[in-house]
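Residues per chain, in single letters:
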Amino acid sequence: MSDVVMDQVVAIVTPFARNKEALQSVGPDSTFLQDLQVSSSRLVDIILAIEDKFGIEVDDTEADKINTIGAAVSLIKSKQTH
Amino acid sequence: MSTNIRRVVVTGIGAVAPNGHGIKEFERALRDGVSGIRFIPRLAELNFRCQVGGVPQGIPEVAPKYFSEDELLAMNEAMLYGCIASIDAWRDAGLEVPARDSQEVNWDSGCVLGSGLSGIDTVGGMLVPRIDAGKVRRMGSTMVEQTMSSSISAKLSGLLALGNQVTSNSSACNTGCEAIHDAFYHIRNGLAECMVAGGAESASPYIWGGFDAMRVLNDTSNEAPHKASRPMSASAAGFIPGAGGGALILESLERAEKRGAKIYAELISAVVNCGGHRLGGSMTAPNSVAVQRCIRGAIAAAGIKPADIDAINGHLTATMADPLEIRNWAAALECPPDKLPFVNSTKSMIGHCLGAAGALESVASILELKHGFLHGSINCEDVHPEIAAFSDRIVRKTVDRQVNILAKTSFGFGDVNGCLIFRRWQ
């Protein structure tokens, strides 16, 4: 089932993903570092892009817990409902 | 010349120049006298006196052929120019660009890739504004790798899996020649078999502004960009800033022959020195004694006689220093004006590419040696009266001429000098 927020997160992550094949089968459980092979230093940039896209603020503690696409989607949705 | 020294040859070249990207396009532009100087609206908006410059064209369009989306997010202009020129040179040398996920390291290969002010566009456009606004957190992850002095060489080392010395030098406008000098000795001393050597500079108002403020740029030709860069001309009124990247693949002759590489030329000597801001030298003016020592030192190290030099690719920026440079050459070679080697200035077409200048002009010199021509030095139809006696030695229109030994010189702020001597490979 299509999830608009997830699609937007995938779009944000796409330029940073060095494993383009993994993007074809990306899902909530896809990990940024292992599956998508995003450089660990670039996680900071993904968080900034998420903040800009969704108009939210993500503190460093929350950012440290975002390891998967699904975790990012859950955090975004939780902040959007507040 | 001692017979047991390691000989160093050029097996690949790459150019990202204002008048052409790639050695075929660059050579054609040099032969045809194509100026890469254009009007730059941004400089007019910023109230620069000089509103023209040399900027490589079409690079953002070709960049995705060289770099991944992820890599491009962390590469500024100087990094693009330097790395594209280097990758082109690497491929030109018949070497393979390794896969990003390969596990092989080229332990015998390194690089010296310099710049005058690497990353200043990133510093001025992103780093300073965001920090001053209290938004350090908003800078993202790529500031350090784009602003550190070694940004270009550090990036290239990953692209080519270089495992030997990887560094970036800086010596103002002598940076390109110095990089080639340093890489030459690294190979000659037996520390590496192959080095990428060159320089890159971005087309940033933050670089060019300092020169505009000093009034050393030509502000009289904003309406005629192609006429603006006028080395050795009576109507020269300052240099024209340029940008780009140039790279040479230097290799030990032994390895080049072993792998059957094509050889463009031999680098038979390289000398750098400084005038110490004495004897007329200063931060901005050359000490002529030092310039002549540099040239004579390079000739001695090459084991040749002054008369063996067939052509000079000068520093020749189109400032008041041009006549002095010509006179220094004549003094160093102890020759009358009509015996001076033929001389030209690549800057007449590409402007002064600062940290990339010596590298791009070395690429031009090697193309001339390899293909038997000397490019015309455009815009000096009115030779400066102080060097009128040398008029016949200034190459003003491209000529087919097989030269065997060519000297490339660069000079820079800080009173620094560099002289490279290349010999045609036969």
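In this text the structure is predicted, and so the values were computed from the model without any measurement.

Student: Where do I start with the overall build of chain B in this structure?
Tutor: The helix and strand inventory of chain B stands at 15 helices and 15 strands. Taken against the 2.2 N^0.38 rule, which gives 22 Å for 426 residues, the C-alpha radius of gyration of chain B at 20 Å falls within 12% of a compact globule. Along the three orthogonal principal directions, the C-alpha set of chain B runs to about 60 × 55 × 40 Å. The proportion of buried residues among the 426 residues of chain B is 55%. Of the contacts made within chain B by residues no fewer than 6 positions apart, 79% connect residues no fewer than 24 positions apart.

Student: So what exactly am I meant to see when it comes to the overall build of chain A here?
Tutor: Tallying secondary structure elements over chain A gives five helices and zero strands in all. Relative to its length of 82 residues, chain A is compact, with a C-alpha radius of gyration of 12 Å against a globular reference of 12 Å. Across its three principal axes, chain A shows a C-alpha extent of roughly 35 × 30 × 20 Å. With 82 residues in all, chain A has 24% of them scored as buried.

Student: What's the story with the packing of helix H5 (residues 77–92) of chain B against helix H8 (residues 151–160) of chain B in this structure? I'm lost.
Tutor: Any two packed helices are characterised by the angle at which their axes cross and by the distance between the axes. Residue and element names in this part refer to chain B. Relative to each other, H5 and H8 sit at 40°, their axes nearing to 9 Å. What the angle tells us is that H5 and H8 run oblique. Crossing of H5 against H8: the hand is right-handed. Facing H5, whose interface residues are Ala-78, Met-79, Gly-82, Cys-83, Ser-86, Ile-87 and Trp-90, H8 presents Ser-151, Ile-152, Lys-155, Leu-156, Leu-159 and Leu-160. Across the contact of H5 with H8, the residue classes break down as nine nonpolar, three polar and one charged.

Student: Please clarify how H5(B) should be interpreted in this entry.
Tutor: Side chains of residues three or four places apart in an α-helix project in the same direction, reflecting 3.6 residues per turn. Taking 1.5 Å per residue, 16 residues should reach 22 Å; H5(B) reaches 22 Å between its end C-alpha atoms and fits that length. Immediately downstream of H5(B), the backbone of Gly94(B) shows phi near 80°, a positive value.

Student: So what exactly am I meant to see when it comes to the pairing of strand S5 (residues 109–114) of chain B here?
Tutor: Walk down a regular strand and you will see the side chains alternate between the two sheet faces. All names here are of chain B. For S5, the tally of buried residues reaches six of six residues, placing the bulk of the element in the interior. The side-chain alternation of S5 yields two buried faces, one formed by Ser-109, Cys-111 and Leu-113 and the other by Gly-110, Val-112 and Gly-114. Where S5 and strand S7 (residues 194–201) come together, six bridges link them in parallel fashion. Bridge assignment links Val-112 to a residue of S7, and that residue is Ala-197. Summarising the sheet, S5 and strand S6 (residues 166–167) pair through two bridges and their orientation is parallel.

Student: Help me understand the nonpolar core, please; the structure alone is not making it clear to me.
Tutor: Note that soluble globular proteins tend to have their nonpolar side chains buried in a common cluster. Residue and element names in this part refer to chain B. Membership of the largest hydrophobic core comes to 128 residues, with the highest contact counts inside it found for Ala-197, Leu-250 and Val-363. Per-element tally for this core: the top contributor is H5, with 10 residues. Both domains that furnish three or more residues to this core are identified here as domain 1 (8–258) and domain 2 (270–424). Among residues more than four places away in sequence, those in contact with Val-363 are Ile-13, Ala-15, Ile-23, Phe-26, Gly-246 and Leu-248.

Student: Explanation requested: the domain arrangement of chain B in the structure shown.
Tutor: Interfaces are often sized by the amount of accessible area the parts lose when they come together. Residues and elements named next belong to chain B. If you check the domain split of chain B, you get domain 1 (8–258) and domain 2 (270–424). Each of domain 1 and domain 2 has a C-alpha centre, and the two are 21 Å apart. Counting residues per element, the ones that place at least two in the side of domain 1 that touches domain 2 are strand S1 (8–17), helix H1 (23–32), strand S4 (52–54), helix H9 (175–188), S7 and strand S8 (244–252). Top contributing element to the side of domain 1 that touches domain 2 by residue count: H9, with eight residues. Among the residues making up the side of domain 1 that touches domain 2, the classes are represented as 31 nonpolar, 26 polar and six charged.

Student: Help me understand helix H12 (residues 288–302) of chain B, please; the structure alone is not making it clear to me.
Tutor: Residue and element names in this part refer to chain B. For H12, with 15 residues, the first-to-last C-alpha span of 21 Å sits near the 21 Å given by 1.5 Å per residue. Along H12, the residues that are buried comprise Ala-290, Val-291, Cys-294, Ile-295, Ala-298, Ile-299 and Ala-302. Buried residues along H12 sit against strand S9 (265–274), helix H13 (321–333), strand S14 (405–412) and strand S15 (416–424). Of the residues flanking the end of H12, it is Gly-303, one or two places downstream, whose phi is positive at about 70°.

The rules we used
- Residues numbered from 1 in each chain as written.
- Chains lettered and ligands numbered in written order.
- Predicted model: local features only at pLDDT ≥ 70, side-chain atom pairs only at ≥ 80, totals over all residues.
- Helix = DSSP H or I, 4+ residues; strand = E, 2+ residues; numbered from the N terminus.
- Rg over C-alpha atoms; globule rule 2.2 N^0.38 Å.
- Buried ≥ 20, exposed ≤ 12 C-beta atoms within 10 Å, placed from the backbone.
- Contact = placed C-beta atoms within 7 Å.
- Axes fitted to C-alpha atoms, helices over the stretch in contact; angles between N-to-C directions.
- Parallel < 35°, antiparallel > 145°, perpendicular 65-115°, else oblique.
- Left-handed = near helix turned anticlockwise from the far one by under 90°.
- Nonpolar A, V, L, I, M, F, W, Y, C, P; charged D, E, K, R; others polar.
- Expected span 1.5 Å × (residues − 1).
- Pairing = 2+ DSSP bridges.
- Core = buried A, V, L, I, M, F, W, Y, C linked by C-beta atoms within 7 Å.
- Domains from an automatic or database assignment.

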